[in-house]
Structures are given as C-alpha cells and as structure tokens.
Amino acid sequence: MTGLFQDLRYAVRTLIKAPTFTAIAVATLAIGIGANTAIFSLVDGVLLRPLPYPAADRLVWLRETQPDIEDAPASAADFFDWRSGTKSFEGLAASEYRVATMTGRGAPERVLAAGVTENLFAILRTPPRFGPGLSGSESSASRSSDRRAVVSDRFWKHLGSPPAGASLRLDGELYAISGVMPESFDYPQDVQVWMPLALTAQAKANRESHFLQVFGRLSPGASIDSAQAELTAVEKSLETAYSHTNAGHGARIVPLQEELVGPLRRTLVVLLGAVALVLLLACVNLGNLLLAKNATRSRELAIRSALGAARLRLIRQLLTESVFLGFLGGVAGVGLAAWGIEILSKAAPWSLGAASKPHMDTRVLLFTLAATLATSLVFGLVPALTLSRKSLNAALQTSSRTTSGIGRGPARTILAVAQIAIALALLIGAGLMVRSASRLSGVDPGFAARNLLVLRMSLPASRYATDDATRRFVNEAALRLATIPGVESVAGVNAPPLDNNSTNGNFDIEGRPAWPPGKEPIADYRVVTPDYWKALRIPLRSGRILSDADRETATPVALINETMARRFWPGENPLGRRLRVEWGTDRDWREIVGVVADVRANRIDRAPIPEIYFPFAQHPRPTLSLLIGTTLPPATALKPVQKAIWSVDADLPVTTLTSMSDIVEKTFVRRRFSTLLLTVFGATALLLASLGVYGVLSSLVSERRREFGIRMTLGARKADVFALVARRGLVLTSAGIGLGILGAFLLTRSLSALLFDVSPTDPLTFASLVGVMAAVSFLATAIPARRATRVDPVIAMRAD
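Residues numbered from 1 in each chain as written. Predicted model: local features only at pLDDT ≥ 70, side-chain atom pairs only at ≥ 80, totals over all residues. Heavy atoms only, no water.

Draft legend 1. Geometry of the packing of helix α3 (residues 76-85) against helix α8 (residues 224-241). Following both chains from N to C, one finds α3 and α8 inclined at 130 degrees, their axes separated by 10 Å at the closest point. It follows that α3 is oblique to α8 by the angle criterion. Crossing handedness for the pair α3 and α8: right-handed. Residues D78, D81, W82 and G85 of α3 pack against L231, V234, E235 and L238 of α8. Taken together, the residues of the contact of α3 with α8 break down into four nonpolar, one polar and three charged. (Axes fitted to C-alpha atoms, helices over the stretch in contact; angles between N-to-C directions. Helix = DSSP H or I, 4+ residues; strand = E, 2+ residues; numbered from the N terminus. Parallel < 35°, antiparallel > 145°, perpendicular 65-115°, else oblique. Left-handed = near helix turned anticlockwise from the far one by under 90°. Contact = heavy atoms within 4.5 Å. Nonpolar A, V, L, I, M, F, W, Y, C, P; charged D, E, K, R; others polar.)

Draft legend 2. Summary view of the confidence of the model for the protein. Looking at the protein as a whole, its pLDDT mean stands at 83, while 88% of the residues score no less than 70. The low-confidence segment residues 399-408, where pLDDT is below 50, has 23 contacts with residues more than four positions distant or belonging to other chains. (pLDDT = per-residue confidence, 0-100.)

Draft legend 3. A look at the packing of helix α21 (residues 705-713) against helix α22 (residues 718-747). Contact pair α21 / α22: the axes reach a minimum separation of 10 Å and the direction vectors enclose 145 degrees. Crossing hand, α21 versus α22: right-handed. Only K718, V721, L724 and V725 of α22 make contact with α21, whose side of the interface consists of E707, F708, R711 and M712. Here the contact of α21 with α22 is built from residues that sort into five nonpolar, no polar and three charged.

Draft legend 4. Structural detail: the pattern of salt bridges. Considering all chains together, one arrives at 27 salt bridges under this definition. Residue R147 pairs with E173 through a salt bridge whose shortest N-O separation is 3.0 Å. Of this pair, R147 sits in the loop between α5 (137-140) and β6 (148-151) while E173 sits in strand β8 (residues 173-180); the two residues are 26 residues apart in sequence, bridging distant segments of the chain. Relative accessible area serves as the criterion here: at 28%, E173 is assigned to the partly exposed category. For the salt bridge of D762 with R435, the shortest nitrogen-to-oxygen distance reads 2.9 Å. Placement of the pair is D762 in the loop between α22 and α23 (763-789) and R435 in helix α15 (residues 410-441), with a sequence separation of 327 residues. On the basis of relative accessibility, which here comes to 10%, the residue D762 falls in the buried class. (Salt bridge = Lys/Arg side-chain N within 4 Å of Asp/Glu carboxyl O. Buried < 20%, exposed > 50% of the residue type's maximum accessible area, 1.4 Å probe, protein only.)

Here you go:
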C-alpha cells in the first residue's frame, strides 16, 4: 500500500510538471467519458431500466394481426374471447384513448382520457395513491350516479388538489374523482383521466370495430410461448366461427417494454455505438500523447530498472499515472455529462414517461466509473508495456542529442492509423445520416403546409348526439372563422395528414367478386369538407372534387387518390365506378366522382397508400380538425379563433393552435436528432484523428531535427525534407483510410433501417468523406513537414 501511495504522489508531481499535456488529456477524456455517460443515461432510461411497475417483466402487449397489418387494435368481442379462452394470464385489460372536454373550471379544456377496464390498475399492480379507483365500475358505469374517474398526479395538481369525491365535468357529464395515481404512473402514456370503458352489450359483440389496446400479466409459470400458443388457438377458432370478420386474423404477444421502446432500440444502439467509438478514439489519442510525453523517460526507467526495479513495478507506476489521469478526466466528464443530460432530457424527441427521462443516478455513475477505469487501462497499457520493455543498454546510451526513438516505433504508428480508421468509419456513418435527412426533407408530401393552422376538436356526445348537430356546428364554425381578417380558407377533416389518427378499413368494388377471406384490401378513410383541397392545395387529377351539393340527401359519393386508382383500376377510368365500405352505419354504395393527387398522409418516408375521401355532410364525425388557411401566426390567431368557436359553442376548448408546418417538421425531429448527434461525434472524431496524425509527425520532426539539419548541410533541398515527412504522413493516412473504408462497410450496415433513399454503401458519401479525411490529414501533415524545412542546420548540428 505504501508503494501505491508513492506511485500516486509521483504521478501527481509528473502531471503538475506538464500542465499543458494534463489539460489536453483531461479535456479529451472529459469529452469521451461525458458524451458516453450522457448517451448511456438516455439508453438506460429507455432500454435498460424496467418499467415502473412491480414484476414488469411479466407484462405483455397483445396485438391483432390482419392481412397487410402487423399490429392492429383488437375488437371488443375478440378481447372478451381472448380473456375467457386463455389461462396463461393473470388477467387481460383493455384501454381506449379518448379526448374529453372539461368544463365548469374556467375556460373549457381538452383532456386526454382513457376508457379502461376496471382491472387495469390491478394488472399493473399500481393502486391509486388514495381513493378506491375504478373497482366495480364495469357494472355500474352506465348509471350517471355511479360515474367515476381516476386522475393523474399532475392533472390532480392542475385541478388544485381537490379531495376524493370531488366532481369533474367531462363532455357534459359529472364524474366523481375516485382516485389519484402516483406521480410515476403513465399508462396509457400521457393520459390525464382514466374512466370506465363502459361498453354496451352491442359493443361487446362487435367484431368489426377495432379500437382496443390490450395488455396483460402472465400467470406464474407461464411463458410468452405458451400464452402465444393459447392465443393462436383462440384466433383459429374465431376465424372458423366468424369467417366474415376474422378471416386471416391472428394475434401476437410481445413484452410490454419491447412494444413501448422497440421503435427506438436501433436508434439508441447506433448512438451508443457511435459515442463508444468516440471514447475509443480518445483512448487511442491519449495513448499516442503518452507515448510522445514519455519518450524522454526511457533513460529514467532504464536507470530505475538497473537499480533493481522489476518490470512489473515500472508498469504499475505508469498505470498509476494513467489511472489518476483517467480519474481527473472522469470527474470532468461527470460535470460535462450532467450538462449533456439536461440538454438531452429537453431535446430528445421521444418520451416514455418520467421514468425514461435521462438523469444522473447510481446506475449512471457506476457506468461512468467503469468507463473511467476501462479508459485508463486502455490508453495507459500500450505506453506502459512499450516503455517498460525498452532495452537497458540502448536507453543508457541515448544521448541528449536524440530521443529514445519510441516516437518512431510501431506503437505510435499503429495508434495513428487506428485513429484515422475509427474516425473515417464514424464520419461516413454520420455522412450517410446527413444525406438521408437531406433526401427526406426534399420529399414532396403532396400538400402545402405553409400558412395553415390546425385546430383539433372533439364534440361531446352529450350535446352532439346526432349527425345533424355535428353538421350544424361545423358549418357555423366554418362561417364564423371565415370572417376573421386574414383567413383565406376553412376546411374540416377527421384526421389531417401526418396526424397518426386516421381510420382505415376494407372496401368492396361493385361488379367484382368478393375478396378471398383474409385478402381484403385496406384503404385510409378521410371525411372532409369541400374546402379541404383548397386548404391543402392538393391537385385534382380527374373528375371533380367534393362540393356543397354533396349533402346528406344527395347521391353517396367518394374521391380516391392516384395510388388507389392505379392499383385497383389499372389502365381504366375509375370515375363512375362504385365502392362500398363498412364504417359505422355507412353501408352505401358510393360513386367515385374524382381522383386527387397522392399525399404522404401517414409518414413522409413511406409511399402513399390507397385513400378514400367521404363528404363530411354524408358521414359527419364528432372528432375532427379544422384547417384554417391564414398568414396569421398561431399565437396571434388564437384569440380570434377562440371568439369565433365560442360564438357557436362556449363550452368547447380552444386552447392551442398548431401550425401544419410544425406537424410536418415533427416527422423529421427524431431523424434530425440522431443525425445531429452522429455529426457531432463524427466531427469530434475527425478532430481527434487529425491531432493524432499531427502529433506523430510533429514528434518525428522533433526526434529527427538533427538528422534534417545534417541532410540540409549536405545539400538537401527544403522540398526534399518536406517530402520526407509528407511521405510518412501519406503512409499513415493511406493505411488508416483503407482500414476505415473496410470498417465503414461493416458498421454502416447497422444504419440501413435508419436511412431513407440512401444505400449504406453510398459511393458519393464514401468518396466525399474519404476526401475530407485525406484533406484534413494532409493539413495535419503539412504543418510539421513545413516546420521540418525551417530547421537551421547550424543550430541543429550544435545541439547537444
């Protein structure tokens, strides 16, 4: 122990004597360790940390599968058959997102609610903080006197922390607050109010309407495989008994956490891998710096060895210095990580609840400690082994005229080549993401988002129980909004493009045989008012658009998009043909009166899918969005829009207006976030690699300064000396670029799922970034090479 303290004191003195080296080394380590810690906190919160429910590993998600749809909600009838036909679950629960209007507490508010079965909290093993919850609600929810609701902790505080039993008016109906959930509870995500699902007997028997999200808890001893086998057997029996509605349907089970975080897994793993490469590059860079710094210590170590110090003792001394340096870098890295985590918690374009937010805790600090120790050993081991095996006679014979030659040994060359290779591979990965993001941002969505505001609304069933009431509200609201100065158009739609709330379903074509069971095609359904195409500036390809003449009493009509026309009427004119959908009470044959241009309505990075447009007057929907074409910004337009809507119905919430441009931008946020981080990592890697090349060649110039002086005394030209150093840089760069290209071919395969319209081996990206690396490496080579040409032969020869 005494020897260890001696080594530590010596390490401190050594680092104090070289403040510039120490500052550079600590900064390099802080960047590498801090970035890794920050990204790990994000990965830990989303991927590694279990969901905040007891025995969360037993929670599973059940999804229905249909032809062409891998994940679909379940129908109510299928849910109850799953519940009664399986024994591998302690229980199955179902939920349905709802948007409710809260009144009676100041201005009307939109509330995100969920209709849930009463066993939801029991399956998650998370009871309310206080209050009875929803126990017994399934049998009593139809009685107005027994309506109950459980609220989230945040919403409860927003209400002013009322006592249990206090009333809450939602969609015109009074609900008693029967519980408040813990602060960490967030399922379904972002829900503010949980209320009974309250399905009627008719709804429970419905197999056509798919709207329930289903999850459950596995019974003790049951596995996902055994539960899947049971569920598959139930689905097969349903397919036989109800071939009209269940043909081709199946079901699949996945862990609940996998369902929630699955789409983020690849992105986060790629980011963690990229930042790990940055840390590795920092280690290689510091290894090179230590080799350069310790080159002059070979005589010291040789003398200590001659006086009886064992090689293991010398290695321990050098590793102690590395570990202490790593400790300093780790402490600085924690400070940098705390700052980075704060930024990530605000900038990360996803949220899985409070538990997934990146934050500094014991797990993250343990990761930082492990990263610091591993880093210290990685960057300190090569110099320690290299220096400790230096020949005793060679070191003692080394005069002050030359160094030990370690700077010219293979270790520094190999490390410099490794730096270039790692940096190039990371840089190419970032370049592919940048190119992909550029391609995606250049995609035409098929509609104009500029100068268009979106007002989302949900009309309470208590006041809009009939289609006539819904139609009257939309017509009057559109007239009032149109009188606002600056408003050019007003349109209504059940789900605007990129809203992720569209409805889809099957359809039949008149005069054609019925689709084979399980092979029914699917199209998106959109219910629109006549000004929809004017507001979004979607071109008409043939026929006509919908008009005010397409009233509820007129001939049922529909429009289709180009994709649907090409797919189902190839080489034919679909105008005048008729189709039929089964959506709610709609069973009418509808005449196709027009074909409109394709719109990327679901995702910008996905090709358009078949779409059917219905006149709002013929198929009114209580949940809709009003599209307001105006040059006014959302903040300025909010008050006049509120006034216009409240002049029609004073109890409707109008709290926010969303720009359609913002909705489009949000579709790019996740990719841009990942691209930005990879670009920062790539730029950091490029800087570290260039410093590595510069360090090797600068050390070479210093070591061979006397040699260059002799050469120039004997008649060598400055160009010859420049070329001598440049050739060494060219060899390092060429070897590093060759290995970097090979590494990039292997590493960029993992990016393929994140790229849009760009190959993982895109030659333009590879060629351009190889050029960037070559140019930066040449600059790093040219500076020491130029310094070599300025060596004064007389001074160099006199140097002793």
